[in-house]
Structure formats: structure tokens, C-alpha cells
Amino acid sequence: FQTGLLAGKKVVITAGPTREAIDPVRYISNHSSGKMGYALAEAAAEAGAHTLLISGPTQLPCPARVTRIDVVSAVDMFAASLREAADCDLFIASAAVADYRPREVAEQKIKKGEGESITLTLVKNPDIVAAVARLPQRPFTVGFAAESEHLVEYARRKLVRKKLDLVIANDITQPGIGFNSDNNAVTLVDAAGEQVIDQRSKTQLARELVTILAEKLAS
Ligand code: C5P
């Protein structure tokens, strides 16, 4: 692993879950730990990049030499990402962004009613990585795809639909890897083809991904 690989480059990484408020005390979220994104930020900083981590709520410490911007909701993450991506060289979207948010956030805590059910209307959140890929001066844009079947096919569809440069695909049915785990195995999917990186620690995987991304940036 070469420490100067990303010297002079600005790298922006989204990580962790987002939280979508329902009322002042409740929210919708997911179990993303943020580990893969934090490992990528650590590796990018080790490689000499000016590294910004746009993070939803996680339990993780900010890696050394990384600037962290804390956000809560998908809309906050969207705003911070678009602002920071405009002048970056590499954008990696590893966050598990909530697909939907409550249409209205109740100003007061919602009281339990008499009825047996209540209805919460959800509206779609903006697609952050797709918006970054549409920027006029777009960075090299990388997304993740967590899939339970047809891994490469679905990842390739994501590559095309979101106009990404690379998709890092994860098979979420494999035990011991992915979401919340310390290990991961991925398949890289881009216009040139596919590349499998088998199971290893997220730290090791992040260094390999950074090496590959630095090569792609340079070519
Ligand atoms: O569409 P899907 O959620 O499966 O795509 C996953 C990829 O898109 C990840 O890289 C994720 O960080 C990114 N994404 C995003 N904004 C969203 C939803 C997903 O940047 N609203």
C-alpha cells in the first residue's frame, strides 16, 4: 500500500445510516454501522488524500487526518455532499441512505390514539450519488450495491441508471460479511468488466479499493 497514491486529491465519502424524523423523539433508520465508509476514509487519508467523511449517526471514532461532517437526515447528507463534491476528485457513496422520509415531521410527540392503526406517509429521498454524477464537473463517482441475488446484473443496472464510474457490489446473503460485519467481499463492476475481491477485513479491503481507485483516477 503506497502512502502517496492520492496526494493532492480531494476525496469525499458518505457513510453510515441516515435518520428520518417522525416527530421530536422518533425516527426511521437502518442498521448500517458505517464501518466500510470509515475504513475507506482511513485508507484514503493514509494514501495522502484530503479526505472528507460525510457521516450519518454512527458509534465510530473519526479516523486520523480525516475531516468529518456530521449529518442526520438524507436531505442534510444530500446538501453537504453536493457542496463538497463540486470540487472533489473522487466521491464514494457508502452510506445506507433511507429511501424514504415521513412527508411531515410532527412538531409535537405523536400521542397514542384510540384506533388500532395509524398511517405514516413517506416520500422519496433524493438520490445523492446520482446527483453527484450529474454535476457539470463531476468527480470519479463510485456507488455501492448491496444485493441478495443477481449481484453483477443489478450492480450493472445501478452503474448505468445512476451514471456511475464504478459500482462496488456486495452479496448480502453471504454470512459474516457486509452490513455491520468487520469483513467484506465485493465485486467491482464498471464499463471495463468485473473484478472479484474475496473476503478480507474491511481495513484491508479499503486499502485495496483505494489502490484500484487511484489507478483508475490516474488513467
Ligand atoms: O439505489 P440503491 O440505494 O440500491 O443504491 C445504493 C447506492 O446509492 C449506494 O452507493 C448509496 O450510498 C447510494 N445512495 C445515495 N442516495 C440515496 C440512495 C442511495 O447516494 N438516496
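Residues numbered from 1 in each chain as written. Predicted model: local features only at pLDDT ≥ 70, side-chain atom pairs only at ≥ 80, totals over all residues. Heavy atoms only, no water.

As named in an unreviewed UniProt entry, the chain is Coenzyme A biosynthesis bifunctional protein CoaBC, taken from Cellvibrio japonicus.

Enquirer: Looking at this structure, I do not really get the pairing of strand β1 (residues 10–15). What am I missing?
Expert: Note on strand geometry: in a regular strand, side chains alternate between the two faces of the sheet. With respect to burial, β1 is a largely interior element, six of its six residues being buried. Residues of β1 alternate between two faces, with Lys 10, Val 12 and Thr 14 on one and Val 11, Ile 13 and Ala 15 on the opposite face, all of them buried. Where β1 meets strand β4 (residues 50–55), six bridges bridge the pair, whose relative direction is parallel. Across the sheet, the residue bridging to Lys 10 is His 50, located in β4. Here β1 runs beside strand β6 (residues 90–93); their pairing, made up of four bridges, is parallel. The residue of β6 that forms the bridge with Val 11 is Leu 90. (Buried < 20%, exposed > 50% of the residue type's maximum accessible area, 1.4 Å probe, protein only. Helix = DSSP H or I, 4+ residues; strand = E, 2+ residues; numbered from the N terminus. Pairing = 2+ DSSP bridges.)

Enquirer: Hey, could you run me through the environment of Gln 199 in this one?
Expert: Position of Gln 199 relative to the elements: it lies in strand β12 (residues 193–201). Overall, the relative accessible area of 42% leaves Gln 199 in the partly exposed class. Separated by 120 residues in sequence, Gln 199 and Ala 79 have C-alpha atoms that sit 34 Å apart. Residue contacts for Gln 199: discarding those within four places in its chain leaves Gly 176, Ile 177, Asn 183, Asn 184 and Ala 185. (Contact = heavy atoms within 4.5 Å.)

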